[in-house]
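Spelled out from the first residue to the last, the chains are:
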Amino acid sequence: MLDEDEFLKLAELDRTTLEVWIREEWLVPMGSAPQRGFSDMDVARARLILDLQRNMGVNEAGLDVILHLIDQMHGLRKALAEALVSLRERERR
């Protein structure tokens, strides 16, 4: 787990932007200020958000939609993986 300062450095973000993204729920840190923690996945998500904004010109409304769809996709992938494990366990019996 990364502390806030490490996260800001790796994600190349300023603290003000981080606060906005947390308020918008684009990033959800573990814990609460001042002891918030961030994962490597949070760094990847922050870099994705920056790429979408800077290089692709996606506005805030578009980011909301894109991030929501990504979260849904990850949830579905997890559910599918769990279903496959369950199915394989049943086949072994």
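A few points on the structure. (Residues numbered from 1 in each chain as written. Predicted model: local features only at pLDDT ≥ 70, side-chain atom pairs only at ≥ 80, totals over all residues. Heavy atoms only, no water.)

### A look at unusual backbone geometry
Logical step 1: Even without being a glycine, E12 presents a positive backbone phi close to 60°.
Logical step 2: By secondary structure assignment, the location of E12 is in the loop between α1 (4-11) and α2 (15-23).
Logical step 3: The exposed category is assigned to E12, whose relative accessible area is 60%.
Logical step 4: Within the chain, E25 stands out as a residue other than glycine whose phi angle is a positive 65°.
Logical step 5: Among the secondary structure elements, E25 is positioned in the loop between α2 and β2 (37-38).
Logical step 6: Classification of E25 as exposed rests on a relative accessible area of 61%. (Helix = DSSP H or I, 4+ residues; strand = E, 2+ residues; numbered from the N terminus. Buried < 20%, exposed > 50% of the residue type's maximum accessible area, 1.4 Å probe, protein only.)

### Structural notes on the pattern of salt bridges
Logical step 1: Evaluated as defined, the whole model comprises five salt bridges.
Logical step 2: A salt bridge links D5 to R15, with the nearest nitrogen and oxygen atoms 2.6 Å apart. Taken together, the residues span a long stretch of sequence, with D5 in helix α1 and R15 in helix α2 at a distance of 10 residues.
Logical step 3: A single network of salt bridges, built from pairs that share partners, joins E4, D5, R15, E19 and R36. (Salt bridge = Lys/Arg side-chain N within 4 Å of Asp/Glu carboxyl O.)

### What to know about the packing of helix α3 (residues 40-54) against helix α4 (residues 60-92)
Logical step 1: Interaxial distance between α3 and α4 falls to 11 Å at its minimum, and their mutual angle equals 140°. Taken as axis vectors, α3 and α4 run oblique relative to one another. Relative to α4, α3 is oriented so that their crossing is right-handed. Residue-level inspection shows R45, L48, I49, L52 and Q53 of α3 in contact with α4, the latter providing L63, I66, L67, I70 and D71. (Axes fitted to C-alpha atoms, helices over the stretch in contact; angles between N-to-C directions. Parallel < 35°, antiparallel > 145°, perpendicular 65-115°, else oblique. Left-handed = near helix turned anticlockwise from the far one by under 90°. Contact = heavy atoms within 4.5 Å.)

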